[in-house]
Amino acid sequence: MNWELEQVRQARKSFDRILQHKVYTEVIRDDGHLALLLELIQGGCYKSILDIGTGTGYLAFPLAEIYPEALVFGIDIAGGIIDKNRERVRKEGKTNLVFQTFNGIEYPFEEGSFDLVVSRYAFHHFPNPESAVRQISRLLCLGGKVMLSDPVRAKKDQGGIIDAFMKIKKDGHIRFYTEEELERMFAQNGLHKEKQIFTHMAFPFAQGSAYSELYGQLMDKDRLLYDIVEENGVIWVRHIAVGNTVFKKI
Ligand SMILES: C[S@@+](CC[C@H](N)C(=O)[O-])C[C@H]1O[C@@H](n2cnc3c(N)ncnc32)[C@H](O)[C@@H]1O
């Protein structure tokens, strides 16, 4: 199996399990963050919206509600949650919201199909980010927008300490990108930064010797980058910036 498909397989296995757990979905739920993201894209007359890595439809459901004129697609690699979302669509009688699975690499839509593409907390799982951004640009019509929300790597984290922690979980984590890397990747595909707001998040790494070992190898200056601390055997990343950015295709 090629490397990209293997990464997707690993992510699918992990998310098919954890997205069924309320504890996990509650951890990544954040009503303040949702309100901020919706405000960032406010004002557009969207007709067709794509949510990549939709999970529970955390963005897709409210988008379908707020933009009744738009057809909203939520895609994900994890089949279990897509089935659950479809069931919810049916129960709520929604007519402008469609969920579908895909292979995590090729977006199954025609050129110029969307005027808005959104993605929250998923980009760091994409095995080929350059290809993902190229495809997103192709899927957008001219003047269309992308709203990307994902943790950003600290500029000074050249050794990728944050990725080393994230990869222990084996959930298909690929990499967090610096703000500059992201901007370059998007600009190369005709997507230019229009708006940006930073938020931040904190998360614990479950107790485990692999986390403690890695923590023990860090220098103080590395720990300070994300305020990484150990409390009762649990390693905490107490501050990682999240970039919430709107890019426009021009
Ligand atoms: C942290 S969850 C975020 C879910 C949702 N966007 C939210 O904000 O609640 C990450 C999501 O990305 C999905 N994912 C992982 N790899 C992916 C890939 N290659 N392409 C698309 N989605 C992917 C996972 O299945 C999961 O639903």
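Residues numbered from 1 in each chain as written. Predicted model: local features only at pLDDT ≥ 70, side-chain atom pairs only at ≥ 80, totals over all residues. Heavy atoms only, no water.

**Concerning the pairing of strand S7 (residues 228-231)**
Move 1: Bridge count for S7 against strand S8 (residues 234-249) is four bridges, and the pairing is antiparallel. Of the residues in S8, the one forming a bridge with glutamate 230 is isoleucine 235.
Move 2: With antiparallel pairing between neighbouring strands as the criterion, S7 and S8 make up a hairpin whose turn holds two residues, including asparagine 232 at a positive phi of roughly 50°. (Pairing = 2+ DSSP bridges. Helix = DSSP H or I, 4+ residues; strand = E, 2+ residues; numbered from the N terminus.)

**With respect to the pairing of strand S2 (residues 71-76)**
Move 1: In terms of burial, S2 is a largely internal element, five of the six residues being buried.
Move 2: As paired strands, strand S1 (residues 48-52) and S2 are joined by five bridges and run parallel to one another. What sits directly across from aspartate 51, in S2, is glycine 74.
Move 3: For the segment spanning S1, helix H4 (residues 60-66) and S2, crossover handedness is right-handed.
Move 4: Here S2 runs beside strand S3 (residues 97-101); their pairing, made up of five bridges, is parallel. Paired with aspartate 76 across the two strands is threonine 101, which belongs to S3.
Move 5: Between the parallel pair S2 and S3, the chain is carried across by helix H5 (residues 79-92), and the sense of this crossover is right-handed. (Buried < 20%, exposed > 50% of the residue type's maximum accessible area, 1.4 Å probe, protein only. Right-handed = clockwise from strand over helix to strand, strands pointing away.)

**What to know about the site of the ligand**
Move 1: Surveying the vicinity of the ligand reveals 19 residues, the closest of which are Tyr24, Gly53, Asp76, Gly104 and Arg120.
Move 2: Note that an oxygen atom of the ligand is positioned 2.7 Å from one of the side-chain N or O atoms of arginine 120.
Move 3: Expressed as a share of its isolated accessible area of 590 Å², the protein-covered part of the ligand is 98%.
Move 4: A class-by-class count of the residues in the shell around the ligand yields twelve nonpolar, five polar and two charged. (Near = heavy atom within 4 Å. Polar contact = N/O pair within 3.5 Å; in protein donor to acceptor, adjacent residues only side chain to side chain. Areas by Shrake-Rupley, 256 points an atom, 1.4 Å probe, with all protein chains shown as cover. Nonpolar A, V, L, I, M, F, W, Y, C, P; charged D, E, K, R; others polar.)

**So, the packing of aromatic side chains**
Move 1: According to the stated counting rule, one finds 13 aromatic pairs in the structure shown.
Move 2: With a centroid separation of 5.3 Å and 40° between ring planes, the pair formed by phenylalanine 102 and tyrosine 107 is classed as tilted. The pair phenylalanine 102 / tyrosine 107 is uniform in exposure class, with both members buried.
Move 3: Between the aromatic rings of phenylalanine 186 and phenylalanine 247, the centroid separation amounts to 4.1 Å while the plane-to-plane angle is 15°, which identifies the pairing as stacked. Here phenylalanine 247 lies in strand S8 and phenylalanine 186 lies in helix H8 (residues 179-187), a separation of 61 residues in the sequence. Grouping residues by exposure puts phenylalanine 186 and phenylalanine 247 together as buried.
Move 4: Just above the ring of tyrosine 215 sits the side chain of arginine 223; from NZ or CZ to the centre is 4.1 Å. (Phe/Tyr/Trp six-rings, centres within 6.5 Å; stacked < 30°, edge-to-face > 60°. Lys NZ or Arg CZ within 6 Å of the ring centre and 35° of its normal.)

Distances and angles like these do not, on their own, reveal function.
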